[in-house]
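Results of the structural survey
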Amino acid sequence: LTKPRRRRPWQRLDLAAVIRQVTHLLGPILDIRRVALGFSASEAPYSVEGDLEELQQLFLNLFRNALDAMEGPGRLDVTLRRSGQAFPDGRPWIEADVADTGTGIPDELRERIFEPFFTSKEFGKGTGLGLPVSREIAQRHGGTIQVSSTPGQGSVFTVRLPEAPASEPVPEDPQPAKEAIS
């Protein structure tokens, strides 16, 4: 018998700091692949409540998929903003767009990309779990993830997470990610 996975306690996080940590981890790969990174976050902090490692995994999955979609040099842009809209329960949401200049997703595949084990990558290049795991993490945090894509022009994944209620200050730099990227 296996024990159920133990959940770590949630903490108040600045989503901009979480994203910066993941982009820092990917820095060497971005350089080698000649992918320019843009990051835009106009107001701070972007407070969310959640599991640091899970949120890092969510964005790591999105960034790695973006890199896989780019054949040669490209651009990865991350935009963080308050949407001005709210979830049905009234909580305002924070949006993070992850945009790439990759090959885009054909219309006939777009409906399937969040299915477990579905991949359009060649054999041995992907498991088809990155996007389903990312969607599960977003949902576990009370949020959503959506995609818009134009074949030949790239994709934009939009993550929406509920903003944490204003109270105590948000740590500027949560514990750094421990996962090595290969």
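First things first, this report covers the structure right here in the doc.

Position of Ala-138 among the secondary structure elements: in helix H4 (residues 130-140). With residues up to four places along the chain from it excluded, the contact list for Ala-138 reads Leu-58, Gly-143, Thr-144 and Leu-161.

Now for the pattern of salt bridges. Evaluated as defined, the whole model comprises eight salt bridges. The shortest N-O distance in the salt bridge between Asp-97 and Arg-81 comes to 2.8 Å. Remark: Arg-81 occurs in strand S4 (residues 74-86) and Asp-97 occurs in strand S5 (residues 92-100); sequence separation between them is 16 residues. Since its relative accessible area comes to 14%, Asp-97 is described here as buried. Across the pair Glu-95 and Arg-160 runs a salt bridge whose closest N-O atoms are separated by 2.7 Å. On the criterion of sequence distance, the pair formed by Glu-95 in strand S5 and Arg-160 in strand S7 (residues 154-162) is long-range, its members being 65 residues apart. Under the relative-accessibility criterion, Glu-95 is labelled buried at 8%.

This part takes up the sheet that holds strand S2 (residues 35-41). Strand order in the open sheet formed by five strands is S2-S4-S5-S7-S6, and the pairing between neighbours is mixed. Only two strands of the sheet have a single partner each, and these edge strands are S2 and strand S6 (144-150). Across the sheet, the mean angle separating the axes of adjacent strands is 20 degrees when strand polarity is ignored. Those strands touched by helix H1 (residues 15-33) are S2, S4, S5 and S7, and its axis lies near 165 degrees from that of S2. Where helix H2 (residues 52-69) meets the sheet, its contacts fall on S2, S4, S5, S6 and S7, and the angle it forms with S5 comes to roughly 25 degrees.

Right, let's talk about the side chain of Thr-23 for a bit. Here Thr-23 lies in helix H1. A relative accessible area of 13% means that Thr-23 is categorised as buried. One polar contact links the side chain of Thr-23 to the main-chain carbonyl oxygen of Arg-20, over a distance of 2.9 Å. Setting aside residues no more than four positions away along its own chain, Thr-23 makes contact with Leu-30, Leu-37 and Phe-63.

Here is what the cut-offs are and how they apply
Residues numbered from 1 in each chain as written. Predicted model: local features only at pLDDT ≥ 70, side-chain atom pairs only at ≥ 80, totals over all residues. Heavy atoms only, no water. Helix = DSSP H or I, 4+ residues; strand = E, 2+ residues; numbered from the N terminus. Contact = heavy atoms within 4.5 Å. Salt bridge = Lys/Arg side-chain N within 4 Å of Asp/Glu carboxyl O. Buried < 20%, exposed > 50% of the residue type's maximum accessible area, 1.4 Å probe, protein only. Pairing = 2+ DSSP bridges. Axes fitted to C-alpha atoms, helices over the stretch in contact; angles between N-to-C directions. Polar contact = N/O pair within 3.5 Å; in protein donor to acceptor, adjacent residues only side chain to side chain.

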